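Remarks on the overall topology
Here's the letter readout for the chains.
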Amino acid sequence: QRQMCIRDRAHTMLGFGFEDGRHLLLSVEARREKEEPYGLIAGELNQFELIYLFGTEEDLLTTRAVTRGNRIDHYPLRATPEFSRSLFRSLADSANRLRDRPEFYSSITNNCTLAIVRHVDHQEGMKQPIGIRLGTLLPGQSARLLHRLNLLDTELDFAEARKAARIDERIRAAAGKPGFSKAIRSGPP
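Per-chain numbering applies: the sequence of each chain, read as written, is numbered from 1 onward. Selection of residues for local features in this predicted model requires a pLDDT of at least 70, selection of side-chain atom pairs for listing and counting requires 80 or more, and totals for whole chains, interfaces and linings are taken over all residues. Note that the side-chain values use all heavy atoms of the structure and ignore hydrogens as well as water.

Take helix α2 (residues 57-67) next. Three exposure classes are used, based on accessible area relative to the maximum for each residue type with a 1.4 Å probe and protein chains only: buried under 20%, partly exposed in between, and exposed over 50%. Here a strand is any run of E in DSSP of at least two residues, a helix any run of H or I of at least four, and the numbering for each starts at the N terminus. Among the residues making up α2, those that are buried are E57, L60, L61, T62, R64 and A65. Of the residues flanking the end of α2, it is G69, one or two places downstream, whose phi is positive at about 70 degrees.

In C-alpha cells:
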C-alpha cells in the first residue's frame, strides 16, 4: 500500500494505493442530513455526526473537482508498507465502531484532519507524533505541516511541491475514462 494526502481547499483525505493498481480514498466528514447546510458553529454544537467515507478515487475526487469545481492537491507521503497497512486497519476499525458508538463531528477537535492525525500518531513506528504540533490547526495547513516534518515524499520546497501537487485539471480530464488513477498521476492533462 502507498499512502497519499489529498487536499480539497480545507479538507484532508487520505488515500491508499494497492499492489494491483487500485486506489481507495478515506474522507472523514460531518454527516449532514439532506438540505442541512454545513457551518463551523454548527460543527461545534453537535449538529453533525462523524462519518468515515471510503470510496474510489474517481468517485470522491470527481465529486470535488468536477461537480464542486474545487482545487485538489495530491501529496504522496513517506510511509512503509507496514505502517500503511496498520493505519488502514486502524481507520477501518474506527469506521466500523461508529455504527455502535457514534461520535459527533467537531470543526475544531474532531474534523477531517485531526481524526486521521490521531490514527497516524498511534501507529507503531511513528517517530514524531504530529498531533501535538497540529493542535487545532486548520485542515488547509496540513500539507505545509507535513512538508515541514519531512513526511511528504518530495525534495521540493513547499511552494514548488504545492504547485506540482495540483491535480484538479487532470481529474476533470480523466473523469469517466478508463485508467483514472493512473491518469491523474501522469502530469498535465
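Okay, the environment of H147 next. Following the sequence through the fold, H147 ends up in helix α6 (residues 142-148). Under the relative-accessibility criterion, H147 is labelled partly exposed at 21%. Apart from the residues lying within four places of it in its own chain, the contact partners of H147 are L152, T154, L156, D157, F158 and A161. Here, residues are in contact when the closest pair of their heavy atoms is within 4.5 Å.

Below, the discussion takes up helix α7 (residues 158-165). Of the positions making up α7, those classed as buried are F158, A161 and A165. Seen end-on, α7 carries its buried residues on one side only, within an arc spanning 60 degrees. Residues A159 and K163 are exposed on α7 and point more than 90 degrees away from its buried face. Packing partners of the buried residues in α7 comprise β5 (72-76) and α6. Counting of polar contacts relies on pairs of N or O atoms within 3.5 Å, with two restrictions inside protein: one atom must be capable of donating a hydrogen and the other of accepting it, and residues adjacent in sequence are counted only when both atoms are side-chain atoms. The N-cap residue of α7 is D157: its side-chain oxygen and the backbone nitrogen of A159 are 3.2 Å apart. Comment: arc refers to directions from the helix axis out to C-beta atoms.

Any pair of Phe, Tyr and Trp rings, taking the six-membered ring for Trp, is counted once the centres come within 6.5 Å. Such a pair is stacked with planes under 30 degrees apart, edge-to-face with planes over 60 apart, and tilted for the rest. Summed over the entire model, instances satisfying the criterion amount to four aromatic pairs. Ring geometry for F16 against F88: centres 5.1 Å apart, planes inclined by 80 degrees, an arrangement best described as edge-to-face. Here F88 lies in helix α3 (residues 81-97) and F16 lies in strand β2 (residues 11-17), a separation of 72 residues in the sequence. Just as F16 is buried, F88 falls in that class too. The interplanar angle of 15 degrees and the centroid separation of 6.4 Å between the aromatic rings of Y75 and F158 together place this pair among those described as stacked. Note that Y75 is positioned in strand β5 and F158 in helix α7, a separation of 83 residues in sequence. For Y75, a relative accessible area of 3% corresponds to the buried category. An aromatic cluster is built from F16, F18, F54 and F88, whose rings are joined through pairwise contacts.

This part is about the pattern of salt bridges. Here a salt bridge means any side-chain nitrogen of Lys or Arg lying within 4 Å of a carboxyl oxygen belonging to Asp or Glu. The tally for this structure, following the rule as stated, stands at 13 salt bridges. For the salt bridge of R64 with E29, the shortest nitrogen-to-oxygen distance reads 2.7 Å. Residue R64 is located in helix α2, and its partner E29 is located in strand β3 (residues 23-31); the two are separated by 35 residues in the primary sequence. E29 matches R64 in its accessibility class, with the two residues each being buried. Across the pair E49 and R31 runs a salt bridge whose closest N-O atoms are separated by 3.6 Å. One end of the pair, E49, is in strand β4 (residues 49-56); the other, R31, is in strand β3, with 18 residues separating them in the sequence. For R31, a relative accessible area of 41% corresponds to the partly exposed category. Taken together, the shared-partner salt bridges in this structure form one network comprising R166, D168, E169 and R172.

Bringing the side chain of T113 into the picture now. With respect to the helices and strands, T113 occurs in helix α4 (residues 112-121). A polar contact is formed between the side chain of T113 and the side chain of T12, at a distance of 2.8 Å.

The quantities given are spatial measurements derived from coordinates; they are silent on function.
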